[in-house]
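Architecture at a glance
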Amino acid sequence: MDYQAFIAPLSKRRQPSAIRSLMPLMAQPGMISLGGGNPHPGTFPFVGMSIQLRSGETLTLDEQEVATGLQYSPTNGLPRLVDWLRNLQTTEHKPPVEFDVCVGNGSQDVLTKAFDMLLTSEDTLLCESPAYVGSLSFLRPLGCKFAEVSSDAEGLQPKELERVLAEWKDPATRPRVLYSVPIGGNPTGCSTTLERKKEIYEIARKYNLLIMEDDPYYYLQFGETRTPSYFSMDVDGRVLRFDSFSKILSAGVRVGWVTGPKPLIERITLHSQASILHASGMSQLMVQKVLEHWGIEGFLKHTDAVSGFYKSKSKFFIECAKKHLTGLAEWVEPNAGMFVWIKLSGISDSSSLIKMKAVEKKVLLVPGFEFFPNPKVTPYVRASFSTATYEEIDLALARLADLIRSEQKE
């Protein structure tokens, strides 16, 4: 593929950092470095660290390991962590083409850098609707336009994607990038089926699109098997995949990664060289230690336990919704993630109800208008069942039912 056709002028102008470029040379045996600006590790007060796991196990980081995490390190990630992630991607997704990896301060870090690499204010992004509000918050100031592609209970609709592209009047301005959260969609909780993914990938080939696969809920699927990724079927090298540890290890550790074609990963890495230098070394080190302790089998066993936890929470939420909201709202039972997308009956605009009246009743939800790329009035709201207790979920939906009844009477 000709990746230069996708890369924005700003990204094309990025050049390697003169100092960062020295790092591979500094690692060579016998090399005396007077070039870098690394602080002397002997001045750091930290010499060791231990991590207590919920299993009762204790992982100990020795002085050399801690020194590695405390010092400047390669922009794309600690080498051992990057190797582990490469192995995970190969084992889990079995991608048919070569790929590269770059670690970031959470997947949002590398995701926004990818947007910066691919889009300008003159471009239009193909974006599922509704969409992840965190991405929209970055994209709106960027100034790009949105071509919305609707989704339903089975995820992004291929026929709508084909229609948008086929009806585009000027091929020169036709969108070149598709952005989607395909599993456990935020806000819908719905996932794009394998059959649809195959159709969407073929449409991407037909119209020469890049697919940005933002997949933080991939390991939170509730079925017996995980729906394969776009990355797993990417014979052309047209998928940029974004993964996150936020939902399965820790949100605060801020470690995520992007996987995809080397020319595109290089551009993202150059951006990080000039912005964050590299993701937090100590955060990477903690993650690396746990992953190497578990191995891939242990990691997948852990993610199965996490997905089982959210599956139970989701099941209870739906039971409470049936008890309190039947006849007052509609929803689709999620098959992954931590969200439910609720359509309020007899209410055209959920904004004031959710932003004011629900808050007064001590219930926090997110009004649906926040999730649409182009402004619109909507009866939808997003609910999350992740942290509320079972008792709180039941009480919150009872309060929401009372609010809907009161609003319908007005």
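Quick look at the structure, then.

About the thresholds
- Residues numbered from 1 in each chain as written.
- Predicted model: local features only at pLDDT ≥ 70, side-chain atom pairs only at ≥ 80, totals over all residues.
- Heavy atoms only, no water.
- Helix = DSSP H or I, 4+ residues; strand = E, 2+ residues; numbered from the N terminus.
- Rg over C-alpha atoms; globule rule 2.2 N^0.38 Å.
- Areas by Shrake-Rupley, 256 points an atom, 1.4 Å probe, with all protein chains shown as cover.
- Lys, Arg positive; Asp, Glu negative; His and termini not counted.
- Charge placed at Lys NZ, Arg CZ, Asp CG, Glu CD.
- Buried < 20%, exposed > 50% of the residue type's maximum accessible area, 1.4 Å probe, protein only.
- Contact = heavy atoms within 4.5 Å.
- Pairing = 2+ DSSP bridges.
- Axes fitted to C-alpha atoms, helices over the stretch in contact; angles between N-to-C directions.
- Phe/Tyr/Trp six-rings, centres within 6.5 Å; stacked < 30°, edge-to-face > 60°.
- Parallel < 35°, antiparallel > 145°, perpendicular 65-115°, else oblique.
- Left-handed = near helix turned anticlockwise from the far one by under 90°.
- Nonpolar A, V, L, I, M, F, W, Y, C, P; charged D, E, K, R; others polar.

1. A few points about the overall build of the protein
Along the backbone of the protein there are 12 helices and 14 strands. Relative to the globule expectation of 22 Å for 410 residues, the C-alpha radius of gyration of the protein, 23 Å, shows essentially globular dimensions. For the C-alpha atoms alone, the extent of the protein along its principal axes is close to 80 × 60 × 35 Å. Entry remark: accessible area of the protein is about 18900 Å², with carbon and sulfur atoms responsible for 54%. Looking at the protein, you have 45 positive and 47 negative side-chain charges, and the mean spots of the two groups are 3 Å apart.

2. What to know about unusual backbone geometry
Here Ser129 and Pro130 are connected by a cis peptide whose omega angle stands at 5 degrees. The phi torsion at Asn208 lies on the positive side, around 55 degrees, for a residue other than glycine. Within the secondary structure, Asn208 is located in the loop between helix H8 (194-207) and strand S8 (210-214). Phi at Leu277 is positive, roughly 70 degrees, even though this residue is not glycine. With respect to the helices and strands, the residue Leu277 is situated in the loop between helix H9 (262-273) and helix H10 (281-325).

3. Concerning helix H6 (residues 133-142)
Within H6, burial applies to Gly134, Ser135, Leu136 and Leu139. In this structure, the buried residues of H6 make contact with helix H5 (107-118), strand S4 (124-129), strand S5 (145-152), strand S7 (177-180) and S8.

4. Here's the deal with the environment of Gly143
Relative to the assigned elements, Gly143 resides in the loop between H6 and S5. Between the alpha carbons of Gly143 and Leu119 there is a distance of 9.1 Å; along the sequence they are 24 residues apart.

5. Side note on the sheet that holds strand S13 (residues 366-367)
Pairing in this open sheet of 4 strands is antiparallel, and the strands run S11-S12-S14-S13 from one edge to the other. In this open sheet, the two strands that pair with only one neighbour each are strand S11 (329-331) and S13. In this sheet, strand S14 (residues 380-384) lies alongside strand S12 (residues 339-344) in antiparallel orientation, the contact comprising 5 bridges. Bridge assignment links Lys343 to a residue of S14, and that residue is Tyr380. Contacting S11, S12 and S14, H10 crosses the sheet at an angle of about 155 degrees to S11.

6. Thoughts on the packing of aromatic side chains
Note on aromatic pairs: each is described by the distance of the centres and the angle between the planes. With the rule as written, the count across this model stands at 15 aromatic pairs. Arranged with centres 5.6 Å apart and planes meeting at 80 degrees, the rings of Phe99 and Phe231 form a pair that is edge-to-face. Remark: Phe231 occurs in the loop between S8 and strand S9 (239-244) and Phe99 occurs in the loop between helix H4 (79-93) and strand S3 (100-104); sequence separation between them is 132 residues. What makes Phe99 buried here is its relative accessible area of 16%. A ring pair is formed by Trp341 and Phe372, whose centres lie 6.2 Å apart and whose planes are at 45 degrees; its orientation type is tilted. Within this pair, whereas Trp341 is found in strand S12, its partner Phe372 is found in the loop between S13 and S14, the two being separated by 31 residues in sequence. What makes Phe372 buried here is its relative accessible area of 6%. Here a set of aromatic residues connected by ring pairs shows up, and it is made of Trp84, Tyr218, Tyr219, Phe245, Trp257 and Phe299.

7. Looking at the packing of helix H7 (residues 158-166) against H8
Interhelical geometry of H7 versus H8 gives an angle of 15 degrees and a closest axis separation of 9 Å. Judged by the inter-axis angle, H7 sits roughly parallel to H8. In this structure, the crossing between H7 and H8 has a hand that is right-handed. Here Pro158, Leu161, Glu162, Leu165 and Ala166 of H7 come into contact with H8, specifically with Arg196, Glu199, Ile200, Ile203, Lys206 and Tyr207. When grouped by side-chain class, the residues that make up the contact of H7 with H8 number 7 nonpolar, no polar and 4 charged.

These values are about where atoms sit, not about what they do.
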